[in-house]
Amino acid sequence: MYNLFIPLNYGPPMMIPFNVVYDLIGLCMLCVLINVAVSWVTTMGARVPLYNPIIRRIMNISGYLTAPIGRMVRPVRLGHAMLDLSPFIVLVGLGLIQSLVFNIGRNLT
C-alpha cells in the first residue's frame, strides 16, 4: 500500500528559511494567476461567487501585489478590449525573486 502522506523535506536546517520564502512566493504567484482566471471568467459572462471568503482573500492578496504596478502601467488597448499588464509584470518579478532566493539558498549550503 502506498503512503499518500508525503512529509515536507526542506533539506538541511540552514535551507528552511529559503524554502519557506520560496514557497510563499509561489503561493503569491498562484493567487495572481487565480485572480487573472477569475477576472477572465467573469468577463466572459460566467458567475463567480465573489462573496466567497477564499476568493475574496485571493483577490485581496493579488490586489496588494498588482495595485502599485497597475498605477504605473496603463492598460493596453486590443481592439475594443483593454488588457491590464500588471499581473504579467508581477508574475515576472516574483519569478525573478523566487529564482534569486533559490540560488542564494543553494549557494549557501
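Here, every reference points to the structure presented above.
First, a word on scope: everything that follows refers to the structure included in this document.

When you go through the chain residue by residue, the secondary structure sums to 3 helices and 2 strands. Each helix and strand of the chain, placed in order from N terminus to C terminus, yields the pattern α-α-β-β-α. Relative to its full complement of 109 residues, the chain shows a buried share of 19%. For the chain, the share of sequence-separated contacts (at least 6 apart) that also reach a separation of at least 24 residues comes to 63%. Summing over all exposed atoms, the chain offers an accessible surface of approximately 8600 Å²; the carbon and sulfur share of this is 70%.

What follows is about a nonpolar patch on the surface. On the surface, I16, V20, L24, L27 and L30 cluster together into a nonpolar patch covering about 420 Å² of accessible area. Inspection of the secondary structure puts V20 in helix α1 (residues 16–43).

Turning next to the nonpolar core. Across soluble globular proteins, you tend to see nonpolar side chains buried next to one another. With 8 residues, the main nonpolar core is built from I25, M29, V32, I69, V90, L91, L94 and V101. Counting only elements with at least two residues in this core, the list comes to α1 and α3 (86–108). Take this core: its biggest share by element is 4 residues, from α3. Leaving out residues up to four positions away in the same chain, L94 has contacts with I25, C28, M29 and L65.

Moving on to the packing of helix α2 (residues 53–72) against α3. Interhelical geometry of α2 versus α3 gives an angle of 115 degrees and a closest axis separation of 9 Å. The element α2 and its partner α3 pack so that their crossing is right-handed. Across the interface between the two elements, L65, T66, I69 and G70 of α2 pack against S86, P87, I89, V90 and L94 of α3. Among the residues forming the contact of α2 with α3, the class breakdown is 6 nonpolar, 3 polar and no charged.

Moving on, we get to the environment of I58. Note that I58 resides in helix α2. If near-sequence neighbours (up to four positions away) are discounted, I58 is found in contact with C31, I34 and N35.

Moving on, we get to the side chain of S86. Along the chain, S86 turns up in helix α3. Classification of S86 by relative accessible area gives buried; the value is 2%. Within the structure, S86 has its side chain in polar contact with the side chain of D84 (distance 2.9 Å). With residues up to four places along the chain from it excluded, the contact list for S86 reads T66, I69 and G70.

Attention now goes to the side chain of T66. Inspection of the secondary structure assignment puts T66 in helix α2. T66 sits in the buried class, given a relative accessible area of 13%. Looking at T66, its side chain comes within polar contact range of the main-chain oxygen of S62, at 2.8 Å. Those residues in contact with T66 that lie beyond four places of it in its chain are V32, S86, P87 and V90.

Rules used throughout
Residues numbered from 1 in each chain as written. Predicted model: local features only at pLDDT ≥ 70, side-chain atom pairs only at ≥ 80, totals over all residues. Heavy atoms only, no water. Helix = DSSP H or I, 4+ residues; strand = E, 2+ residues; numbered from the N terminus. Buried < 20%, exposed > 50% of the residue type's maximum accessible area, 1.4 Å probe, protein only. Contact = heavy atoms within 4.5 Å. Areas by Shrake-Rupley, 256 points an atom, 1.4 Å probe, with all protein chains shown as cover. Patch = residues over 30% accessible without salt bridge, like charges linked within 9 Å, V, L, I, M, F, W, Y side chains within 5 Å. Salt bridge = Lys/Arg side-chain N within 4 Å of Asp/Glu carboxyl O. Core = buried A, V, L, I, M, F, W, Y, C linked by side-chain atoms within 4.5 Å. Axes fitted to C-alpha atoms, helices over the stretch in contact; angles between N-to-C directions. Left-handed = near helix turned anticlockwise from the far one by under 90°. Nonpolar A, V, L, I, M, F, W, Y, C, P; charged D, E, K, R; others polar. Polar contact = N/O pair within 3.5 Å; in protein donor to acceptor, adjacent residues only side chain to side chain.

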